[in-house]
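Chain by chain, the residues:
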2 protein chains.
Amino acid sequence: MKKKILFLVLAFTILFIDLTAEDGYRLWLRYDRITNTQQLAQYNQLIKGLIIEGESPVLTSARNELQTGIKGLLGREIALFKTLTSDGMIVAGTPSSSPLINALKLTDKLKNLGDEGFLILTTTVNKKKTIIISANSHVGVLYGVFHFLRTLQTNQDISNLSLESAPRIQRRILNHWDNLDRTVERGYAGFSLWDWHKLPDYLDPRYVDYARANASVGINGTVLTNVNANALIITPDYLKKVKALADIFRNYGIRVYLTARFSAPIEIGGLKTADPLDKDVQQWWKNTVDEIYNVVPDFGGFLVKANSEGQPGPQNYGRTHADGANMLADALQPHNGIVMWRAFVYDNNVPDDRAKQAYNEFKPLDGTFRKNVIIQVKNGAIDFQPREPFHPLFGAMPKTPLMMEFQLTQEYLGFSTHLVYLPTLFKECLDSDTYAKGEGSTVAKVVDGTLDNHPISAIAGVANIGNDRNWCGHHFAQSNWYGFGRLAWDHQLTSEQIAEEWTRMTFTNDADFVTPVKEMMLNSREITVNYMTPLGLHHIMGWSHHYGPSPWIKDKQRADWTSVYYHRADTFGVGFNRTASGSNAISQYAPQVQKIFSSTELCPEKYLLWFHHVSWDYKTKSGNKLWDELCYHYYNGATAVKGMQNTWNSLEKKVDADRFSHVKSHLAIQEKEARWWRDACVLYFQTFSKRPIPATLTKPDRSLETIQKLIYPYAPGIRPGW
Amino acid sequence: MKKKILFLVLAFTILFIDLTAEDGYRLWLRYDRITNTQQLAQYNQLIKGLIIEGESPVLTSARNELQTGIKGLLGREIALFKTLTSDGMIVAGTPSSSPLINALKLTDKLKNLGDEGFLILTTTVNKKKTIIISANSHVGVLYGVFHFLRTLQTNQDISNLSLESAPRIQRRILNHWDNLDRTVERGYAGFSLWDWHKLPDYLDPRYVDYARANASVGINGTVLTNVNANALIITPDYLKKVKALADIFRNYGIRVYLTARFSAPIEIGGLKTADPLDKDVQQWWKNTVDEIYNVVPDFGGFLVKANSEGQPGPQNYGRTHADGANMLADALQPHNGIVMWRAFVYDNNVPDDRAKQAYNEFKPLDGTFRKNVIIQVKNGAIDFQPREPFHPLFGAMPKTPLMMEFQLTQEYLGFSTHLVYLPTLFKECLDSDTYAKGEGSTVAKVVDGTLDNHPISAIAGVANIGNDRNWCGHHFAQSNWYGFGRLAWDHQLTSEQIAEEWTRMTFTNDADFVTPVKEMMLNSREITVNYMTPLGLHHIMGWSHHYGPSPWIKDKQRADWTSVYYHRADTFGVGFNRTASGSNAISQYAPQVQKIFSSTELCPEKYLLWFHHVSWDYKTKSGNKLWDELCYHYYNGATAVKGMQNTWNSLEKKVDADRFSHVKSHLAIQEKEARWWRDACVLYFQTFSKRPIPATLTKPDRSLETIQKLIYPYAPGIRPGW
């Protein structure tokens with residue numbers, strides 16, 4: 001009889017497995033039944049029911065997630081109880097929502113956890129062994145619930161839980177570069193999730209899953225619209241649509257933000273100017289902002305790209321960025337909204353070095369911004385390159401809160417076909433020392449506000465999410481969404497911890513899978529740098545679409561849109577001299593940093609050609625001459641992708657066929673494109689170096705001319721009409 | 001113990017149900033376990049194993065489908081056998097692939113079934129009761145398999161099967177208006193399925209499901225690209241991508257076609273002209289076509305939109321459509337490819353009546369086309385309006401095969417938010433009598449080639465498919481894909497039969513659901529005509545995006561792009577006089593048809609304003625004056641949508657929550673927009689009629705001016721830059 005039962009269960013399991021394609025839709029929130037029988041036994045013993053006291057939409061989200069998650073993980077329904085009468089209850093709530101928790105007198109423990117932190121605790125209540133998930137707020141409880149589920153998903157011991165966690169950065173935000181026609185600028189995962197046409201009447205269930213995924217990693221804000229903004233988004237009809245989304249996201253602790261087009265007072269307000277010092281303009285924005293809050297009472301604020309790449313801004317009227325930002329800040333201030341003003345600016349004049357421009361424009365404005373303005377600074381001074389040294393603005397504006405802008409969408413990192421795990425890039429930047437207040441003044445401390453004691457702090461990631469079924473185009477790109485959220489919550493986590501969590505949740509807890517996959521992820525960004533832009537090279541990608549290599553781009557309408565502007569290759573050598581004898585961009589860093597970067601000896605070789613123009617015969621740390629070293633980097637990068645393919649292929653038995661085959665296909669594309677980058681760059685730079693490719697390396701089997709003829713007019717992610 | 005088993009099975013079923021969102025992805029090929037226990041018992045008794053003899057990719061598709069389908073429907077694995085040793089085998093194959101079938105001597109039965117027909121037969125083989133699925137070709141077997149599965153899905157008796165089916169039309173084709181940037185012209189279900197960027201290296205599993213769905217209804221061709229064509233699709237890099245799709249689709253009997261841009265010889269061939277009589281041009285096309293067949297050996301041919309709406313064509317060189325089509329036909333002929341040349345033409349001169357233009361241009365060319373050219377004619381002479389009389393070209397070109405072009409995507413029928421079941425529209429046209437060879441010369445007989453004994457026949461549907469999870473945007477829009485395929489196979493099926501099949505397969509066999517839903521579907525198109533364009537009105541929709549009502553459009557660059565050109569409302573009356581006293585478009589029909597349409601007495605009232613300009617006081621068949629009748633139609637249409645909502649709401653218990661709520665949201669949008677159409681049109685026409693809305697009808701609660709101010713710059717489906 002037992003066999004019969006087993007057979008039936010098996011039959012249904014097989015049916016279930018067949019019918020549920022492993023398409024990646026569930027992200028890291030899979031909640032499949034735990035296969036480790038020992039852990040499962042422990043969990044079954046310690047989890048017998050739930051008590052969630054209190055009522056609110058956010059607590060409902062927490063309750064639903066806990067029920068869904070535990071039911072999936074343990075493979076059985078988990079009942080809700082009203083009173084604690086046996087062991088094995090999970091009690092979740094705040095002291096004010098839950099009499100049970102209130103009675104535990106957790107005030108001391110909770111007081112340092114702020115608005116969003118949580119604690120998870122095994123304790124004895126009424127002589128019953130109980131797991132407590134508590135916080136000062138309902139959203140804190142929700143975060144605690146997701147953390148608890150993660151503990152189960154990663155098969156951790158829960159017999160004696162005692163942990164606390166609170167976010168180090170207040171506003172953890174996704175930036176969607178999504179247009180109202182659903183195209184996504186630099187989007188490689190299909191098209192926008194926001195179906196503006198059917199909003200607000202049709203609410204795609206996917207909006208809820210988007211919110212769940214964000215809340216699970218602590219992301220608490222989303223900018224719905226492209227920084228290259230459209231004023232229509234703040235008209236009444238569109239605000240109804242925004243409200244529909246905000247109403248869903250609010251239940252997961254997520255605030256909505258919008259991009260403000262600076263010229264909106266003209267375009268939709270009927271005014272003749274958008275001058276920020278014009279009283280009518282100021283009044284128009286106040287009225288507009290009041291209207292937004294009327295519809296979305298917890299609206300987060302505006303993200304603004306002004307006077308950059310053709311976008312309008314205060315400089316059109318002879319005003320400063322501070323004038324523009326402060327006008328919007330004044331309109332938002334009564335509602336506690338903020339302005340995130342981007343430092344990614346360059347005007348119509350080609351500068352001697354674009355790397356210097358943001359600093360030159362913003363540093364003098366330090367101290368002139370309203371309290372509710374925060375300056376959003378990209379991690380590096382150029383534009384989300386595979387590797388950049390940290391942006392010199394970090395540490396340079398102590399009187400102004402600065403927020404970080406990372407890019408999750410892989411505009412310069414192989415679109416959604418290359419496996420590149422980005423937390424290593426994020427950490428490299430966050431851990432960089434600005435020396436602004438002496439050693440240890442890391443970028444992370446600037447961003448989390450602790451270095452200069454700023455009352456607001458924020459971090460943004462340009463989303464890599466589209467309507468592809470697996471959200472991000474590549475299953476592994478999900479780890480960048482996950483990792484951004486986890487680091488935004490706690491930048492002290494290591495890339496390895498995050499990779500381990502994500503791999504266990506997304507694939508399996510089997511160490512024979514986790515260990516090699518984690519290694520592949522942790523190496524992937526360096527591998528990509530090697531086959532794209534080793535040794536400090538940058539901005540040598542395809543024109544306009546940024547797809548593939550094009551170091552030969554020159555003679556365009558702006559010198560700083562070309563490749564030759566950045567690599568400066570000539571018969572002597574290669575690299576951008578940013579020392580005192582060159583553009584002197586180095587002078588924008590603190591003296592201790594200058595000292596390091598300005599010396600070819602001290603400068604980390606990974607930044608060498610970013611700061612220095614050096615001879616092809618320059619002797620690198622390996623002992624190789626620069627030209628040979630460059631070739632080795634390119635070849636090693638391409639070869640390493642083959643290694644990633646081997647790693648993945650060896651794991652076929654440990655992963656479902658759907659995702660195995662999907663990743664395998666994508667790694668094959670990455671391998672092909674890594675060779676494309678290698679061949680293109682080596683052959684191109686060889687036209688300057690006039691030196692042979694080292695004898696141990698196989699020569700490219702095609703000519704530079706052949707590669708240069710390739711065109712990709714429909715590469716994805718380009719704004720229509722751009 | 002039995003209870004325990006039941007509990008476990010139940011538990012797994014619940015888990016399964018929870019985790020599989022009813023998102024519509026599975027279309028009508030759901031294969032959920034049959035709930036009718038009596039039928040299930042019969043099927044279990046009669047289906048015990050499969051024998052599929054022969055090996056080919058198409059037979060593999062048939063085998064997989066049969067296994068997946070039966071396993072799902074019966075809830076158990078179904079074994080493959082090599083020899084027939086017991087009752088209850090399904091034997092599938094052709095006489096040449098299968099010795100078992102060969103021994104049955106089915107030649108007589110098969111001989112009339114052609115290349116694609118099939119027979120399904122209960123018979124006794126070696127004294128064992130057996131079900132035979134046979135055909136002359138492997139794809140015929142595949143069609144038979146899908147038909148057999150449909151029999152099970154719709155819970156039909158299979159104890160004594162004896163049926164034969166063969167398609168009446170040879171080429172049953174979807175036209176995708178998909179651009180290379182993945183936007184879809186007039187697409188309302190997301191963006192293109194074809195991920196050109198990742199092709200050919202990444203093959204989305206969805207491509208297979210697309211092929212399965214098509215094969216299940218007998219669609220055997222797909223034009224991958226927009227009729228507003230891009231020459232790049234026939235360059236080597238894109239042909240590799242096309243090949244990747246063709247290789248998948250071939251396994252399901254589906255051929256790939258492409259759109260040919262007439263100016264391609266200039267744009268990608270480097271020639272100075274695209275003149276079809278130029279030898280270099282002819283040679284260039286021959287070479288290009290050879291290259292296509294080199295890559296896709298069963299390539300179907302070209303679909304061409306030439307000299308229409310700005311597209312290049314032979315008339316640019318003073319040549320005729322026949323010159324252009326024949327040049328391409330000559331290049332395709334050695335490979336058995338065909339040219340589908342669209343009759344939807346209008347040049348830069350505004351005609352006295354656009355309805356006459358296709359006939360005027362093509363009728364004189366009858367007999368001048370190559371044998372492998374077929375003219376693709378829209379169902380009506382204007383452009384896929386909610387209702388049009390049949391196109392006058394049908395029956396007017398006896399020496400030329402004409403194919404039908406229907407539009408599944410609801411460009412003029414509420415996009416993907418309105419529930420409009422289109423087979424009633426298709427049937428209305430197909431059943432229309434052209435009288436070309438006397439009574440009974442229906443459009444269907446023109447299209448299937450029987451009226452004039454043409455060796456090739458074809459039918460096209462402009463696809464309503466995008467990357468929305470449910471493929472078509474609206475769950476019910478799936479029925480139009482389904483219905484098109486079924487009618488393309490057999491235009492003698494009734495709309496009701498098709499609606500019944502589809503509803504049973506897609507939702508449930510429960511008659512309490514099927515009966516009201518079928519009624520709602522069958523009425524839906526007439527309801528839509530009523531609230532959009534009753535009594536023969538047409539082309540009064542929104543400018544450019546075609547969203548919503550805009551009967552007021554006038555004074556545009558072309559008169560025949562306006563609304564007033566078509567409705568001709570004035571203080572006397574309304575309607576386009578196409579009789580001898582007007583544009584005389586009526587003269588393009590056969591005399592018997594002319595006689596009907598030219599008389600206000602005989603003309604069906606549904607076409608009244610299409611052919612006649614009649615007074616507001618004209619007495620309609622109901623006894624009402626025209627103005628009142630028009631109002632009643634608009635109001636009845638809008639009210640009927642409320643009726644559809646009531647029907648749907650009453651069925652909540654009979655449908656899963658996901659699809660219930662999805663359809664409910666969309667019906668609410670339809671209801672809102674039906675009132676929008678009603679109010680806009682009644683208020684607008686009232687400015688001419690100067691008559692009151694009948695007293696029994698509630699007056700619109702908004703003004704015409706308010707409605708006219710609405711703008712929708714990002715309504716979906718517009719070509720970027722158009």
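Above this text you will find the structure in question.
(A) Expanded view of the overall build of chain A. Along the backbone of chain A there are 23 helices and 16 strands. For 722 residues, the compact-globule estimate of 2.2 N^0.38 gives 27 Å, and the C-alpha radius of gyration of chain A, at 26 Å, lies within 12% of that figure. Along the first, second and third principal axes, the C-alpha atoms of chain A reach 80 × 70 × 50 Å. The buried share of chain A, taken over its 722 residues, is 65%.

(B) Molecular detail of the pairing of strand β14 (residues 458-462) of chain B. Residue and element names in this part refer to chain B. Counting buried residues in β14 gives five out of five residues, a clear majority hidden from the surface. Covered by surrounding structure in β14 are A458, A460 and V462 together with I459 and G461, the residues of both alternating faces. Judged from the five bridges that link them, strand β7 (residues 171-175) and β14 form a sheet pairing that is parallel. What sits directly across from I173, in β14, is A460. Taken together, the four bridges between strand β13 (residues 402-407) and β14 define a ladder with parallel strand orientation.

(C) Highlighting the packing of aromatic side chains. One pass over the full model with this rule turns up 92 aromatic pairs over all chains. In textbook terms, an aromatic cluster arises when at least three aromatic residues are bridged by ring pairs, as seen for Y25, W28, W194, Y207, Y210, F249, W471, W481 and Y482 of chain A. Sitting over the ring of Y25 of chain A, R469 of chain A keeps its end group 4.0 Å from the ring centre. Just above the ring of W543 of chain B sits the side chain of K556 of chain B; from NZ or CZ to the centre is 4.2 Å.

(D) Molecular detail of the packing of helix α21 (residues 626-649) of chain A against helix α22 (residues 657-689) of chain A. One can describe the packing of α21 of chain A onto α22 of chain A by two numbers: an axis separation of 9 Å at closest approach and a directional angle of 170°. The angle between α21 of chain A and α22 of chain A falls in the class roughly antiparallel.

(E) How the structure looks around the sheet that holds strand β13 (residues 402-407) of chain A. Residues and elements named next belong to chain A. Taken together, the eight strands give a closed barrel; going around it, the order is β7-β8-β9-β10-β11-β12-β13-β14, and neighbouring strands pair in parallel fashion. Each adjacent strand pair in this sheet contributes to an overall mean axis angle of 25°, direction not counted. In terms of strand pairing, strand β11 (residues 338-342) meets strand β12 (residues 373-378) through four bridges, oriented parallel. The residue bridging V339 from the neighbouring strand is V373, located in β12. Its contacts with the sheet place helix α15 (residues 478-489) against β7 (171-175), β13 and β14 (458-462), and it is angled at close to 155° to β7.

(F) View of helix α6 (residues 138-153) of chain B. In this model, α6 of chain B (16 residues) spans 23 Å end to end at C-alpha, consistent with the 22 Å of a helix rising 1.5 Å per residue. For α6 of chain B, a buried count of 15 out of 16 residues is recorded, marking the element as mostly surrounded by other parts of the structure.

(G) Highlighting unusual backbone geometry. Residues and elements named next belong to chain A. Residue P200 follows L199 across a cis peptide bond; omega there is 0°. In this structure, P200 sits in the loop between β7 and α7 (206-216). The backbone phi angle of N155 is positive, close to 60°, even though this residue is not glycine. Positionally, N155 belongs in the loop between α6 (138-153) and β6 (162-165). A relative accessible area of 13% means that N155 is categorised as buried.

So, how was this worked out
- Residues numbered from 1 in each chain as written.
- Chains lettered and ligands numbered in written order.
- Predicted model: local features only at pLDDT ≥ 70, side-chain atom pairs only at ≥ 80, totals over all residues.
- Heavy atoms only, no water.
- Helix = DSSP H or I, 4+ residues; strand = E, 2+ residues; numbered from the N terminus.
- Rg over C-alpha atoms; globule rule 2.2 N^0.38 Å.
- Buried < 20%, exposed > 50% of the residue type's maximum accessible area, 1.4 Å probe, protein only.
- Pairing = 2+ DSSP bridges.
- Phe/Tyr/Trp six-rings, centres within 6.5 Å; stacked < 30°, edge-to-face > 60°.
- Lys NZ or Arg CZ within 6 Å of the ring centre and 35° of its normal.
- Axes fitted to C-alpha atoms, helices over the stretch in contact; angles between N-to-C directions.
- Parallel < 35°, antiparallel > 145°, perpendicular 65-115°, else oblique.
- Contact = heavy atoms within 4.5 Å.
- Expected span 1.5 Å × (residues − 1).

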